[in-house]
Amino acid sequence: MRGRTLIAAAAVAVTLAGATPASSVTPLERSALKALATPRVTPTTKERGRAEVRRAAFLARTLPAGRREHIAVALAEIASFGGKMTEPRALALIGELKANDDYFLKHYAPQPKTDITDADGVVYRYFAGRCFEFHPLANFGALNARVAAGDANGAQRLADALVARGVYQSSGGIGWEYTFPYAGGRAPWLSGMAQAVAAQALARTAGLVLDQTASTSLLGKARAAYQAIPGRLLTSVAAGPWIRLYSFTSLPVLNAQLQAVISLQSYATTAQDSDAAALALRMQRAAAATLYRFDTGYWSYYALPHDPSPLDYHEYVVQLLQRLKSADPRFADAAVRFAAYEKQPPAFQLDPGALGALTFWISKPSTVSVVTGAGPSRRVSVDGGWHTLSWGVPKRAGAYPVHVTATDAAGNHSSFDALPIVRATSTVPKRATQSTVQATPQPAPSFRVGATLADPSQSALAAQAGLHLVRVNVTWPAGATAPDPTLVAALQQMAPIETIVELTAAPLPADDAGRAALAQYAAALAVNVKSLHAVVLTPAPLAADAPAYAAAFGAIRAALPDSPLGVAVDGSSDPAGTVGALAGLDANVVAFRPASAPAKGAWTLADHSQFADAFPSASLVVDGAPVPYPTTLKSAACAPDVSAVLFDRLTDATRATLRPTIATAERGAFVCPGVSAEALPYDVQYPTALTQPIAISLNCNRDCLYLVTLERADGLPVVAKRGQLGGGPSTPLTKIVLPRAKLAAGSYRVDVRIVARVNPGAVTKYLSPPLTAG
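The notes below deal with the structure included here.

A look at the layout of surface pockets
- The volume enclosed by the largest pocket comes to roughly 1000 Å³.
- If you go around the largest pocket, you meet 28 residues; those closest to its centre are Ala606, Thr631, Thr632, Lys634 and Ser635.
- At the level of secondary structure, the elements contributing two or more residues to the lining of the largest pocket comprise helix H13 (329-341) and helix H19 (629-637).
- Grouping the constituent residues of the lining of the largest pocket by class yields 18 nonpolar, 8 polar and 2 charged.
- There is about 800 Å³ of room inside the second largest pocket.
- Going through the elements one at a time, strand E2 (123-126), helix H6 (136-148), helix H8 (192-208), helix H10 (254-271), strand E9 (307-308) and helix H12 (311-324) are the ones with two or more residues in the lining of the second largest pocket.
- A per-element tally of the lining of the second largest pocket places H6 first, with 4 residues.
- The class makeup of the residues in the lining of the second largest pocket is 20 nonpolar, 6 polar and 4 charged.

So, the pattern of salt bridges
- Across all of its chains, the model carries 27 salt bridges by this definition.
- In this structure, Asp648 engages Arg471 in a salt bridge whose closest nitrogen and oxygen atoms are separated by 2.9 Å. Here Asp648, found in the loop between strand E25 (642-647) and helix H20 (650-653), pairs with Arg471, found in strand E19 (residues 469-475); they are 177 residues apart in sequence, far enough to count as distant.
- Residue class for Asp648 comes out partly exposed when judged on its relative accessible area of 36%.
- Assessed through its relative accessible area of 3%, Arg471 is described here as buried.
- Bridged by salt links that share partners, the residues Arg471, Glu502, Arg593, Asp623 and Asp648 form one connected network.

Looking at unusual backbone geometry
- Between Ala506 and the following residue, Pro507, the backbone shows a cis peptide bond with an omega angle of 5 degrees.
- By the secondary structure assignment, Pro507 is in the loop between strand E20 (499-504) and helix H16 (512-527).
- Of the consecutive residues Val627 and Pro628, the connecting peptide bond is found in the cis state with omega at -5 degrees.
- Relative to the assigned elements, Pro628 resides in the loop between strand E24 (619-623) and H19.
- Non-glycine residue Ala183 carries a positive phi angle of around 50 degrees.
- Along the chain, the position of Ala183 falls in the loop between strand E5 (174-175) and H8.

A word on the packing of helix H2 (residues 27-36) against helix H4 (residues 68-80)
- One can describe the packing of H2 onto H4 by two numbers: an axis separation of 7 Å at closest approach and a directional angle of 40 degrees. Between H2 and H4, the crossing angle belongs to the class labelled oblique. For the crossing formed where H2 meets H4, the hand is left-handed. When H2 is examined against H4, the residues Leu28, Glu29, Ser31, Ala32, Ala35 and Leu36 are found in contact with a partner set consisting of Ala72, Leu75, Ala76, Ile78 and Ala79.
- Taken together, the residues of the contact of H2 with H4 break down into 9 nonpolar, 1 polar and 1 charged.

Quick word on the sheet that holds strand E10 (residues 348-351)
- Pairing is antiparallel across the open sheet formed by 3 strands, whose spatial order is E10-E11-E14. Each end of this open sheet is capped by a strand with a single partner; those strands are E10 and strand E14 (385-390). For this sheet, the mean inter-axis angle between neighbouring strands, taken without regard to orientation, is 30 degrees.
- Relative to E14, strand E11 (residues 357-362) runs antiparallel, the two sharing 6 bridges. Paired with Phe360 across the strands is His387, a residue of E14.

Conventions used here
- Residues numbered from 1 in each chain as written.
- Predicted model: local features only at pLDDT ≥ 70, side-chain atom pairs only at ≥ 80, totals over all residues.
- Heavy atoms only, no water.
- 1 Å grid on protein atoms, 1.4 Å probe; cavity = no way out; pocket = protein on both sides within 12 Å on 5 of 7 lines; lining within 4 Å.
- Points joined across faces, edges and corners; volume = space filled by probe spheres on them.
- Helix = DSSP H or I, 4+ residues; strand = E, 2+ residues; numbered from the N terminus.
- Nonpolar A, V, L, I, M, F, W, Y, C, P; charged D, E, K, R; others polar.
- Salt bridge = Lys/Arg side-chain N within 4 Å of Asp/Glu carboxyl O.
- Buried < 20%, exposed > 50% of the residue type's maximum accessible area, 1.4 Å probe, protein only.
- Axes fitted to C-alpha atoms, helices over the stretch in contact; angles between N-to-C directions.
- Parallel < 35°, antiparallel > 145°, perpendicular 65-115°, else oblique.
- Left-handed = near helix turned anticlockwise from the far one by under 90°.
- Contact = heavy atoms within 4.5 Å.
- Pairing = 2+ DSSP bridges.

This is the structure we're talking about:
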């Protein structure tokens, strides 16, 4: 029995692979045969096509489900060209049908974008739910690859096969058609990008083949491929011409334009086509001028106005930008930015949202997962922008934590805790009176922006301009133990604004007596500054001067054991050597002047993390903001170890055009991928008695969302209120009033939770002392 089964199976396989048995003709088979029955198709092609159609019709009837459907699709494509069939179209469609027959005879559907080739190297690409399709762009990409490999015979064989499939266009030139409907476009359609690559590949093949006649013919076909582009396959944006990726739409697609520029430039050079060179230049300029519209700041758009790029197309654009970077600095800059986006995790902003919901903004396309006891876990794929996930009001009273994670297409992760979803137990009013007591202020560092004062008297102008930090430069007269009385008076009259005193000792004292005098001088300065941020010893030393600098710093620390002191580091002068030599000094601040541009041995602002090991307890002050100022402010505000930026001139920090940027930086409102910020209160004022309406007062070191609840002794919330507050230095207290509630006798607490509105990290929580009702 087993032997008979094997013989029977072999017979079936021979039947499937070879000639098909006679059977009734299906409507689809009849339509496909009719499409081929035209004098525009040569008898040889027609006969080969009829045989393949019959074979396909048989396979579509006999193959199992999951294989036969794809052959039916390829057969239907031939049928759809009834009345439109020509020799080039027939060659493309018959070759495609044979490729599908051969593949699905033995296989089920592969992954989308899988490519197979025939004996000539013609490429067919699989599209999910359809079949393997003749794909002009993939084919001319393959032709370019053969030329790059120096395969003259393979390149000529593939080029000849493709030339035979080229369709002469009524508007001029030769087009390589896509024979299937796609994205709302009906077949056949052309791709301007594929035509540009065709012109490039055919011209390069012409330069590779040895036969002069073949070379001349291929160069002519390359020109014909280009001639199909002007007019029908061009659209425009404000900056100039743009290639049509699809002939049926004017959608501006970035990768298509960049690839078309590269391919047309290559073709124009090889074919010495001045018209193509001029068009390529105009397209290049249009692309460079329009790049910013494809840049979200965190990812790229595939097409305008707001179609985000899948990962593979984003990576492709980076490759194209790198190839074009020498042509225009805008391409070079975009290549660096876009490549960086691939390594950045998703960033978030939050909004208070509705009850029982989470409203968030995310920086890039990602998969977001949310876990909460308020309802079922949620997992959604979202584009960049604002989104809301809702669970509704929980059935039972309680505060239900919310944990959010996100993963982008490149596998970068981020996570944070949102404010809990709350259901309170009661909102029935009760009359009472109220008094408040200020809670112990919390240590809440915040980012500050300041400037150097030409004279201490300018502090009033700085304070009036809203600056929260200033720098005063004082030069130590060698050997002096106390500052000049005039200087002391000026320091005492400064506005109450945090002040960095940069104490310049040049040369540094060489003996103990000199260091003792310097230390006394520094102590006298410090005691006369109302709001001392730090005394910083300058100038920044080189590694060779570090021992003398460290000795002088040590003497000042001995004189000011409890005062904030800082060291100075110049990013342009061997900063690594300086930091290595000064490592371990008891510094509260590092005043870092970054190099203006990357250079060997120099540190720019991007190197801010280099100080962590040497000065683990010190905050970093950028001492002298490099231009462009908005970029510096954002970069510094997004660096968790940078506490402040100081401008070298007061006039720079008080520019009206810069004030919004400074405010955004100080509020912690810049979106910073990879940063999880913690919102902290400067002050919390709780009620001292359970009075109605119950209220607290709160301010945050950065923009924050808050949730205030009154909780029973068992932790269940009685009433709750959520909202958002602006933050930053000098943010005033805001009064938050809870809804009125009927309170049974017992013990209660006010629970305050806050989370950063931008770049959220952990939720911070604060409880009032117990309060008694009844």
